[in-house]
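# Residue-level structural notes
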Amino acid sequence: MNGTPVTESELQAYVDGCLPVARRADVETHLAQHQDDAQRVDAYCRHTAALRAAFDPLLPPRCRCACSRVREKVQRRCAGLPRSPR
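Since we're looking at a predicted model, the values are computed, not measured.

This next bit is on helix 2 (residues 21-33). When we look at burial in helix 2, the residues that qualify are Arg 23, Asp 26, Val 27, His 30 and Leu 31. Taken down its axis, helix 2 places every buried residue within 140° of arc, on the same side. Buried positions along helix 2 lie against helix 1 (8-16) and helix 3 (35-55).

Next up on the list: the packing of helix 1 against helix 3. Where helix 1 meets helix 3, the axes come as close as 10 Å, and the angle between the chain directions of the two elements is 45°. In terms of orientation, helix 1 and helix 3 fall into the oblique class. Seen from above, helix 1 lies across helix 3 with right-handed handedness. Note on element contacts: helix 3 touches helix 1 through Asp 37, Arg 40, Val 41, Tyr 44, Cys 45 and Thr 48, opposite Glu 8, Leu 11, Gln 12, Tyr 14 and Val 15.

What counts as what
- Residues numbered from 1 in each chain as written.
- Predicted model: local features only at pLDDT ≥ 70, side-chain atom pairs only at ≥ 80, totals over all residues.
- Heavy atoms only, no water.
- Buried < 20%, exposed > 50% of the residue type's maximum accessible area, 1.4 Å probe, protein only.
- Helix = DSSP H or I, 4+ residues; strand = E, 2+ residues; numbered from the N terminus.
- Arc of directions from axis to C-beta.
- Contact = heavy atoms within 4.5 Å.
- Axes fitted to C-alpha atoms, helices over the stretch in contact; angles between N-to-C directions.
- Parallel < 35°, antiparallel > 145°, perpendicular 65-115°, else oblique.
- Left-handed = near helix turned anticlockwise from the far one by under 90°.

Below you can see the structure in the form of structure tokens.
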């Protein structure tokens, strides 16, 4: 770890797949050392999966595709990766 404390918004970004690559290892080290935060992140992941499982089927197929593409673009942008080709 680089000594910078892990924030709640970084934990949320980690769950969403939007944490910059440079910070991801620090957060993973933090989670390995702080069981309470690791359990909370696990709960966030389960909650996100449950919401997607419940609501994604309600979307028309073309919206599901669009949502997947938008989610991928946001994750790439948050991680500092180049834009994917169109």
